[in-house]
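What follows is each chain in one-letter form.
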Amino acid sequence: MTQTRSHDVAAIKGVLENLYKAWGAGDADAFVTDYTEDATAIMPGTYRKSKEEVRQNMADGFASFLKGSTTIDKLESIRFLGENAAVAVSETGVRFPGETEVPAERMVYATWVLEKRDGAWLLAAYHNSPAVLPS
């Protein structure tokens, strides 16, 4: 018998949507609302080892090079790993002020590891990698 997880899928989509709304608002505190305290984030050249490190890095970015930026995000898949864990894969990119599109070389594939704690889905880990290899 196939089990439907439509409620969990909607909740996970909501976590990601809220994160990107916070990005658009330049709000680092709201950006990490749905992160676990021990969350990790790995991006080329960086390894953030806690929710606070992610928050501080985003606050620094929103105050400087990310100011006024927005993101585009296309959710590719959500895969459940038991009852309380999931991996989401998306294609995403940062659009800076004045840009109408994100250049292909700035697009990334991202993996989001989520854990359900006390009935709420939270981000436990994030990693991204360029979607297009440099030529």
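Look above for the structure.
Values in this document were obtained by computation on a predicted structure and should not be read as measured data.

*Asks:* Is there a simple way to explain the sheet that holds strand β3 (residues 70–80) in this structure?
*Replies:* Strands belonging to one sheet form pairs held by backbone hydrogen bonds; the direction of such a pair is parallel or antiparallel. Strand order in the open sheet formed by 6 strands is β2-β1-β6-β5-β4-β3, with mixed pairing between adjacent strands. Both outer strands of the open sheet, β2 (46–48) and β3, are each paired with one neighbouring strand and no more. Neighbour to neighbour, the strand axes of the sheet diverge by 20° on average, direction disregarded. Sitting on the sheet, helix α1 (residues 6–25) touches β1 (35–43), β3, β4 (85–95), β5 (108–117) and β6 (120–130), and the angle it makes with β3 is about 160°. Each of β1 and β2 touches helix α3 (residues 51–62); the most contacted strand, β1, lies at about 60° to it.

*Asks:* Help me understand the pattern of salt bridges in this model?
*Replies:* Two side chains that carry opposite charge are able to pair once their charged atoms sit near each other. Taken as a whole, this structure holds 9 salt bridges when the rule is applied. In this structure, K116 engages D8 in a salt bridge whose closest nitrogen and oxygen atoms are separated by 3.0 Å. A residue pair is termed long-range when its members are at least 10 positions apart, and K116 in strand β5 and D8 in helix α1 qualify at 108 residues. Of the residues examined, D8 reaches a relative accessible area of 9% and is grouped as buried. E76 is paired through a salt bridge with K74; the nearest N and O atoms lie 3.7 Å apart. One network of salt bridges, with partners in common, ties together R5, D8 and K116.

*Asks:* What am I meant to see in the pairing of β5 here?
*Replies:* For a regular strand, side chains alternate in direction, first toward one face of the sheet and then toward the other. Where β4 meets β5, 8 bridges bridge the pair, whose relative direction is antiparallel. Counted as the bridge partner of S90 is A110 from β5. Where β5 and β6 come together, 10 bridges link them in antiparallel fashion. Looking at β6, one finds that V108 is bridged to P130. Here β5 folds back onto β6 in antiparallel fashion, the turn holding 2 residues, of which D118 has a positive phi close to 50°.

*Asks:* What's the story with α1 in this structure? I'm lost.
*Replies:* Along an α-helix, residues three or four positions apart point the same way, because every turn accommodates 3.6 residues. Across its 20 residues, α1 extends 28 Å between first and last C-alpha, which sits within 8% of the 28 Å expected from 1.5 Å per residue. Taken together, the buried positions of α1 are occupied by D8, I12, G14, V15, L16, L19, Y20, A22 and W23. Two residues or fewer past α1, G26 is found with a positive phi of approximately 65°.

*Asks:* I'm lost on the packing of aromatic side chains in this one. Help?
*Replies:* Remark: the centre distance and the inter-plane angle together describe each pair of aromatic rings, the angle taken between the planes. Within this structure, the stated rule accounts for 7 aromatic pairs. Where Y20 meets W112, the ring centres are 6.2 Å apart and the plane angle is 85°; that geometry is what we call edge-to-face. Of this pair, Y20 sits in helix α1 while W112 sits in strand β5, placing them 92 residues apart in sequence. W112 matches Y20 in its accessibility class, with the two residues each being buried. Among the aromatic side chains, those forming a connected cluster through ring pairs are W23, F31, Y35 and F62. R5 extends its terminal NZ or CZ atom over the ring of F80, reaching a point 3.9 Å from the ring centre.

*Asks:* Looking at this structure, I do not really get α3. What am I missing?
*Replies:* Over its 12 residues, α3 extends 16 Å from the first C-alpha to the last, a length consistent with the 16 Å expected when each residue adds 1.5 Å. Where α3 is buried, its residues contact α1, α2 (28–31), β1 and β2.

So, how was this worked out
Every chain begins its residue count from 1, and numbering advances along the sequence as written. Two thresholds apply to this predicted model, a pLDDT of at least 70 for residue-level local features and 80 or more for giving and counting side-chain atom pairs, whereas whole-chain, interface and lining totals are computed over all residues. Each side-chain value is derived from all of the structure's non-hydrogen atoms; neither hydrogens nor water enter the calculation. Each pair of strands is called paired provided DSSP finds at least two bridges between the two strands. By the criteria applied, helices consist of DSSP H or I runs no shorter than four residues and strands consist of E runs no shorter than two, each listed in order from the N terminus. Angles shown run from 0 to 180 degrees and are taken between the N-to-C directions of axes, each axis being a line fitted to C-alpha atoms and, for helices, limited to the stretch in contact. We call two residues in contact whenever any of their non-hydrogen atoms come within 4.5 Å of each other. Here, a salt bridge means any Lys or Arg side-chain nitrogen found within 4 Å of an Asp or Glu carboxyl oxygen. Only protein chains enter the area calculation, which uses a 1.4 Å probe; residues under 20% of their type maximum are buried, those over 50% are exposed, and those in between are partly exposed. Expected span, for any helix, means 1.5 Å times one less than how many residues it has. For Phe, Tyr and Trp, rings pair up if their centres lie within 6.5 Å, where Trp contributes its six-membered ring, and each pair is then called stacked (planes under 30 degrees apart), edge-to-face (over 60) or tilted (otherwise). In our convention, an over-ring charge means Lys NZ or Arg CZ found within 6 Å of a ring centre and within 35 degrees of that ring's normal.

Just distances and angles here, no functional claims.
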